[in-house]
Amino acid sequence: MSVLINFKICDNAPECGGIAICPTGALSWDEENETIKIDNDKCISCGSCERECPIGAIRVAQTDEEYAKLQKEIDDDPRTTKDLFVDRYGAVPLSEFFMIEENELDGKLTESLTLVECYEDDSIQCLLSSIPIKEITSNMPSDTKFYKISISDDTKTKYDIKELPTLLIFRNKELLGKVEGVYSNEQKEELISKIKEIIE
Ligand code: SF4
């Protein structure tokens, strides 16, 4: 029996839910090569990993014919992880421009409205649970800046952050306020009105 992973769209991280849920150890994390390892001799094609994967990167075949069909689908898949970023963040892939280091933050702050998303987990899970920034900023001034930073405890302490992800909102280099925690797509309006209260 066989499991396949579409590494074109998989973020290939040790936190993979498929690894955690696999009852036989057919999926594991290969520390040395930093990749998810598949041992198809152990796979019983139960399908748990496929159901667990939020982006459909894990596929499970029951027969050799199905394996070949799924492999071809993966080979022909034109997507990359960048496409997922485009989907979440707008017309252009999330670039290094958005991703800054903690020590760059002070230098990035100007008189413009600046939103800084702080997170600890850069896996696809974090991406999927965040609301597309293009939707959050659609009614904001055109010079609004947006950055993402992976933060340490020092920054958490500095801004009194209790829950991640947190959106820090600055203007004129001053912190206007923050919104903490995950907001699902269903809570988008709630998030937008909280941000509005802070910036108005
Ligand atoms: S199909 Fe079941 S046994 Fe096979 S890798 Fe997935 S979770 Fe493990």
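Residues numbered from 1 in each chain as written. Predicted model: local features only at pLDDT ≥ 70, side-chain atom pairs only at ≥ 80, totals over all residues. Heavy atoms only, no water.

I'm lost on the pattern of salt bridges in this one. Help?
Note on pairing: side chains with opposite charge can pair once their charged atoms come close. Within this structure, the stated rule accounts for eight salt bridges. A salt bridge links Asp106 to Lys158; the nearest nitrogen and oxygen atoms lie 3.7 Å apart. Within this pair, whereas Asp106 is found in helix 5 (residues 105-108), its partner Lys158 is found in helix 8 (residues 153-158), the two being separated by 52 residues in sequence. The class for Lys158 is exposed, based on a relative accessible area of 53%. (Salt bridge = Lys/Arg side-chain N within 4 Å of Asp/Glu carboxyl O. Helix = DSSP H or I, 4+ residues; strand = E, 2+ residues; numbered from the N terminus. Buried < 20%, exposed > 50% of the residue type's maximum accessible area, 1.4 Å probe, protein only.)

Would you mind showing me how to read the site of the ligand here?
For the ligand, the set of nearby residues contains 14 residues, the closest of which are Cys22, Cys43, Cys46, Gly47 and Cys49. Of the residues contributing to the shell around the ligand, the split by class is 10 nonpolar, four polar and no charged. (Near = heavy atom within 4 Å. Nonpolar A, V, L, I, M, F, W, Y, C, P; charged D, E, K, R; others polar.)

Honestly, unusual backbone geometry in this entry has me stumped. Any pointers?
Excluding glycine, residues mostly have negative phi values, and the peptide bonds linking residues are mostly trans. Cis geometry is found at the peptide bond from Leu164 to Pro165, where omega equals -5°. Mapped onto the secondary structure, Pro165 falls in the loop between helix 8 and strand 7 (166-171). The backbone phi angle of Ser45 is positive, close to 50°, even though this residue is not glycine. Mapped onto the elements, Ser45 comes out in the loop between strand 3 (35-38) and helix 2 (48-52). Residue class for Ser45 comes out buried when judged on its relative accessible area of 6%.

Honestly, the environment of Ile151 in this entry has me stumped. Any pointers?
Positionally, Ile151 belongs in the loop between strand 6 (145-150) and helix 8. Measuring from C-alpha to C-alpha, the distance between Ile151 and Glu120 comes to 6.0 Å, with 31 residues separating the pair along the chain. Dropping the residues within four chain positions of it, Ile151 is found in contact with Glu102, Cys118, Tyr119, Glu120, Lys156, Ile161 and Leu164. (Contact = heavy atoms within 4.5 Å.)

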